[in-house]
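# Summary of structural features
So the chains spell out like this:
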Amino acid sequence: SDWKQFLKIKDLENEIFTLDAGSKIILNFDEHIKPYIQFLEKLEFLKVDKDKQLELTLRGILATEVNNANPILFVLFYQNDIINKLTAEEIVILFGLFIKDNIDIEHTNSETILTENINQSIDVIKKNVTMCIGYENGFPIRLNWDLSVMWVQILTDWFNDCDITELKIKYDIFEGNL
């Protein structure tokens, strides 16, 4: 029918539009990627070597190994001296900041008491976010700097001997997520 042909033509137009946008990025790849490179250079994840080639710094190499968190924030935190003051449990708790989940922020519990080291570390990470956003504002790029307090609270409660059933009820999460 004419309606089916019309819908097919609209789908094809949308596909052409998408392909056209993708080809513009490919044709202008250097122009598109340059702000990201400059941003990573400013944060010392990349540097230009003596042959004028880009190479990863130690910070950049570490970032390539981060799979399930914001690699920039994670590495900046890892390289901060405050990490040397943390216990293993506190490090695990702070890794919770980098867990992305679809849990509603309303389920956070401000009653959870965090150690001084964790609070100081969160402050350091917040300063890193502020610094990154400040650098980012100098470039036509926007990256995701979201952190999740929810899992910091859950992990803190868990390390403070909170029962899994209690955690499940308190934070409205499934046991399998623990």
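Going by the structure above, here's the rest.
Residues numbered from 1 in each chain as written. Predicted model: local features only at pLDDT ≥ 70, side-chain atom pairs only at ≥ 80, totals over all residues. Heavy atoms only, no water.

### What to know about the overall build of the chain
- Within the chain, the secondary structure is distributed over eight helices and two strands.
- The secondary structure elements of the chain, listed N-terminal to C-terminal, are α-α-β-β-α-α-α-α-α-α.
- Taking all 178 residues of the chain together, 30% fall into the buried category.
- Taking the contacts inside the chain whose residues are at least 6 apart along the sequence as the reference set, 61% of them involve residues at least 24 apart. (Helix = DSSP H or I, 4+ residues; strand = E, 2+ residues; numbered from the N terminus. Buried < 20%, exposed > 50% of the residue type's maximum accessible area, 1.4 Å probe, protein only. Contact = heavy atoms within 4.5 Å.)

### Let's talk about the packing of helix α5 (residues 88–95) against helix α7 (residues 149–159)
- Remark: α5 packs on α7, axes separated minimally by 7 Å, with the N-to-C direction vectors making an angle of 150°. Considering their axes alone, α5 and α7 lie roughly antiparallel with respect to each other. In this structure, α5 crosses over α7, and the sense of that crossing is right-handed. Where α5 abuts α7, its residues E89, V92 and I93 lie against V152, L155, T156 and F159.
- Residue composition of the contact of α5 with α7, grouped by class: five nonpolar, one polar and one charged. (Axes fitted to C-alpha atoms, helices over the stretch in contact; angles between N-to-C directions. Parallel < 35°, antiparallel > 145°, perpendicular 65-115°, else oblique. Left-handed = near helix turned anticlockwise from the far one by under 90°. Nonpolar A, V, L, I, M, F, W, Y, C, P; charged D, E, K, R; others polar.)

### Describing α5
- Residues of α5 that are buried include every one of E90, I93 and L94, and no others. An end-on view of α5 places all buried positions within 95° of arc, on one side of the element.
- Where the residues of α5 are buried, they touch α4 (71–78), α6 (116–136) and α7. (Arc of directions from axis to C-beta.)

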